[in-house]
Amino acid sequence: MTRIVQAILPGLRQIFGTQGTVLLSSSSASGLMEGSIRNCVAQRSLHLVAGAFGDRWRKLAEECGREPDAIEVPPGEAIAPEAVDEALRRGRFEAVCLTHNETATGVTNPLREIAAVVRRHEGVLLMVDAVSSLGGIPVEVDAHGIDVCFASVQKALALPPGFSVCAVSERALQKARSVKGRGYYFDFLHLAEASAKAQPLATPSVSHLVAMEAQLQVIQREGLERRYARHAQMGERVRGWAAERFGLFARKGHESNTVTCVANTRKIDVAGFIEKLKGRGFQISNGYSELKEKTFRIGHMGEHTLEGVEALLQAMDEVLAS
Ligand SMILES: *Cc1c(COP(=O)(O)O)cnc(C)c1O
């Protein structure tokens, strides 16, 4: 076990852009999302909500007995760094919680700019949900001064679901020491201790560790820069298709390179469209929650290729014409 953990930690550090601690969790990322609150927020967190996943984090903080506040923008919009600055001037917060890539709306929030704002406010931690960006869109934990950055492995890292990873800063671990009731399974201090010994905290999902060692080699071979460029190409191609036939739901300049949210301007029957595509061997998603039928989402992350995307776009055109 120690050998595999030792083999995967350097690759994960590279993807996170950190020299620091990386935690492994045999849970999906929602576990670490809860852990981020239980470890790093005693009372007040500021949530930057641009869609359903950001909202889930805020609600989760409430369910943990905290008193979260939020900056909320209409779906399709991105969080403005100035608004974060203003909120941090007005109120006292222990942490800012940012969904880097809002999978529900296909919006990528300006991580670098928001991080720069948070770093100007001493004592405030920056926690980032990078679930649908890590491995597809650059995330620079050390360069941006991110304190907690978690991701599932089933999105842009293209592994089976049920495992997640998290980069934590010394500041975050220091904060955790002062927060009571961290629990056991998602206690960052226990998890960091285990990581330092290259050991799992409890019985880990061994199959995920084995698969991750292989997948990190695939990512290494492609190279991170090329991987990001491939995602950018796929994003651009899908946006071009969507803009010609429908509209883009994400505000211009903030469109995601891992998932495109298409505005259903032609009022097609989205569920039926998805069913017909499934018959051709392709899977896309309906809009998330209240965006169902109003939008549909095309995922282009992980090991998908531009050729694969072209085949999907052609199939969608054929279904639309039929
Ligand atoms: C999928 C997703 C989650 C939830 O991750 P799980 O692995 O299902 O726990 C959280 N945030 C974002 C942005 C996501 O895309």
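A quick note: this is a predicted structure, and the numbers were derived from the prediction, not measured.

## A closer look at the packing of helix H9 (residues 206-222) against helix H10 (residues 224-245)
- Taken N-terminus to C-terminus, the directions of H9 and H10 make an angle of 85°; their axes are 6 Å apart at the nearest point. Judged by the angle between their axes, H9 and H10 are roughly perpendicular. Every residue of H10 that contacts H9 at Gln 215, Ile 219, Arg 221 and Glu 222 is listed here: Leu 224, Arg 226, Arg 227 and Arg 230.
- Per-class residue counts for the contact of H9 with H10 are two nonpolar, one polar and five charged.

## Observations concerning the pairing of strand S3 (residues 69-72)
- Taken together, the four bridges between strand S2 (residues 45-49) and S3 define a ladder with parallel strand orientation. Residue pairing in the sheet places Val 49 in a bridge with Glu 72 of S3.

## Describing the confidence of the model for the protein chain
- Averaged over all residues, the pLDDT of the protein chain equals 98, while 100% of them reach at least 70.
- The element-level mean pLDDT for the protein chain is lowest in helix H1 (residues 2-16), coming to 97, with strand S4 (residues 95-99) highest at 99.

## Remarks on the nonpolar core
- Leu 24, Leu 48, Val 84, Leu 134, Cys 149, Val 165 and Met 212 are the most contacted members of the largest nonpolar core, which has 49 residues in total.
- The element best represented in this core is H1, accounting for seven residues.
- Within the second largest apolar cluster, 27 residues are counted, among which are Cys 40, Cys 97, Met 127 and Phe 188.

## Details of the site of the ligand
- Neighbouring the ligand are 14 residues, the closest being Ser 28, Ser 30, Thr 103, Ser 152 and Lys 155.
- Taking Ser 152, its side chain carries an N or O atom lying 2.5 Å from an oxygen atom of the ligand.
- With the chains in place, 90% of the 380 Å² that the ligand exposes on its own is no longer accessible.
- Mapped onto the shell around the ligand, the elements with two or more residues apiece are helix H2 (29-40) and helix H3 (52-63).
- A breakdown of the residues in the shell around the ligand according to their chemical character gives three nonpolar, eight polar and three charged.

Cut-offs applied
- Residues numbered from 1 in each chain as written.
- Predicted model: local features only at pLDDT ≥ 70, side-chain atom pairs only at ≥ 80, totals over all residues.
- Heavy atoms only, no water.
- Axes fitted to C-alpha atoms, helices over the stretch in contact; angles between N-to-C directions.
- Helix = DSSP H or I, 4+ residues; strand = E, 2+ residues; numbered from the N terminus.
- Parallel < 35°, antiparallel > 145°, perpendicular 65-115°, else oblique.
- Contact = heavy atoms within 4.5 Å.
- Nonpolar A, V, L, I, M, F, W, Y, C, P; charged D, E, K, R; others polar.
- Pairing = 2+ DSSP bridges.
- pLDDT = per-residue confidence, 0-100.
- Core = buried A, V, L, I, M, F, W, Y, C linked by side-chain atoms within 4.5 Å.
- Buried < 20%, exposed > 50% of the residue type's maximum accessible area, 1.4 Å probe, protein only.
- Near = heavy atom within 4 Å.
- Polar contact = N/O pair within 3.5 Å; in protein donor to acceptor, adjacent residues only side chain to side chain.
- Areas by Shrake-Rupley, 256 points an atom, 1.4 Å probe, with all protein chains shown as cover.

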